[in-house]
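Residues per chain, in single letters:
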Amino acid sequence: MSSRVLLERYYRAYGHVVVRRGRRLLGTDADGQELLHDVFMTLLAGGEPRDEIATPAAWLYAIATRRALTRLRNARTRTRILADQLAPMLDAGSAVVPGRAAEVADLLRELPDDELAAIVSFYLDELTHDEIATQLRCSRRHVGNLLTRGRALLRVTAPELDP
């Protein structure tokens, strides 16, 4: 039996295990579904060797746990780094008060990835709209829309951080 057919069977039989694990560790149904997709795309690409001792459910459970914990670590690290670097820029030049980086990190966690990438590229990397468009593989106009939406989300969440 081909590995693709076997993975398809595993998806049908054990996908709910991965979704449940993702929901438990990451917090939402959407995150659980995204983890399911991530795990099986990784497996289709040959990214995780099959542990012959473990049952398929235990193997998928272990992979889902590792992937979810990696997502959590990456998100924390990314927002901490961005907050440390973006807080002064979003604070309009005034000194960063203690705790401000954590506040900005919480706000950045709420931004969708595209808006976050545009905000970081514009404010942190000081790229032009054309450079951001090349980086994100989209039009210059779309970059402007992403920045507008990102700023609007920040304004709604924390008006005092108006970039």
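Here's a quick rundown of the structure. One numbering rule holds for all chains: residues counted from 1, following each sequence as written. Where totals are concerned, whole chains, interfaces and linings use all residues; where local detail is concerned, this predicted model gives features only for residues with pLDDT of at least 70, and gives and counts side-chain atom pairs only at 80 or more. With hydrogens and water stripped out, all remaining heavy atoms of the structure feed into the side-chain values.

### Remarks on the overall build of the protein chain
- Runs of H or I in DSSP of at least four residues are treated as helices and runs of E of at least two as strands, each being numbered from the N terminus. When you go through the protein chain residue by residue, the secondary structure sums to seven helices and zero strands.
- Walking the protein chain from its N terminus toward its C terminus, one meets helices and strands in the order α-α-α-α-α-α-α.
- The proportion of buried residues among the 163 residues of the protein chain is 34%.
- Accessible surface for the protein chain amounts to roughly 9900 Å². Of this, 53% is attributable to carbon and sulfur atoms. Think of it in three bands: with a 1.4 Å probe and only protein chains considered, a residue is buried below 20% of the maximum accessible area for its type, exposed above 50%, and partly exposed in between. Every accessible area reported is derived by Shrake-Rupley at a probe size of 1.4 Å, with residue values counting cover from the shown protein chains alone.

### Some points on the packing of helix H1 (residues 3-26) against helix H2 (residues 29-44)
- Comment: axis = line fitted to C-alpha atoms, over the contacting stretch for helices; angle = value between 0 and 180 degrees taken between N-to-C directions. H2 packs onto H1 with a crossing angle of 145 degrees between their chain directions and a minimal axis gap of 7 Å. Seen along the crossing, H1 lies across H2 with a hand that is right-handed. Seen from H1, the contacting residues are Arg4, Leu7, Tyr10, Tyr11, Gly15, Val18, Val19, Gly22, Arg23 and Leu26; seen from H2, they are Asp29, Asp31, Gly32, Gln33, Leu35, Leu36, Val39, Phe40, Leu43 and Leu44. It is the rotation of the near helix from the far one that decides the hand of a crossing: anticlockwise by less than a right angle makes it left-handed, clockwise makes it right-handed. Should any heavy atoms of two residues lie within 4.5 Å, those residues are counted as being in contact.

### A look at the packing of helix H5 (residues 113-124) against helix H6 (residues 129-136)
- For the pair H5 and H6, the least separation of the axes is 10 Å and the interaxial angle reads 140 degrees. Accordingly, the angle class assigned to the pair H5 and H6 is oblique. Every pair of crossing elements has a handedness; the one defined by H5 and H6 is right-handed. In contact with Ala117, Ala118, Ser121 and Phe122 of H5, H6 contributes His129, Ile132, Gln135 and Leu136.
- Note on residue categories: nonpolar means Ala, Val, Leu, Ile, Met, Phe, Trp, Tyr, Cys or Pro, charged means Asp, Glu, Lys or Arg, and polar means any other residue, Gly included. Residues that form the contact of H5 with H6 fall into these classes: five nonpolar, three polar and no charged. Each angle gets one of four labels, with under 35 degrees taken as roughly parallel, over 145 as roughly antiparallel, 65 to 115 as roughly perpendicular, and the rest as oblique.

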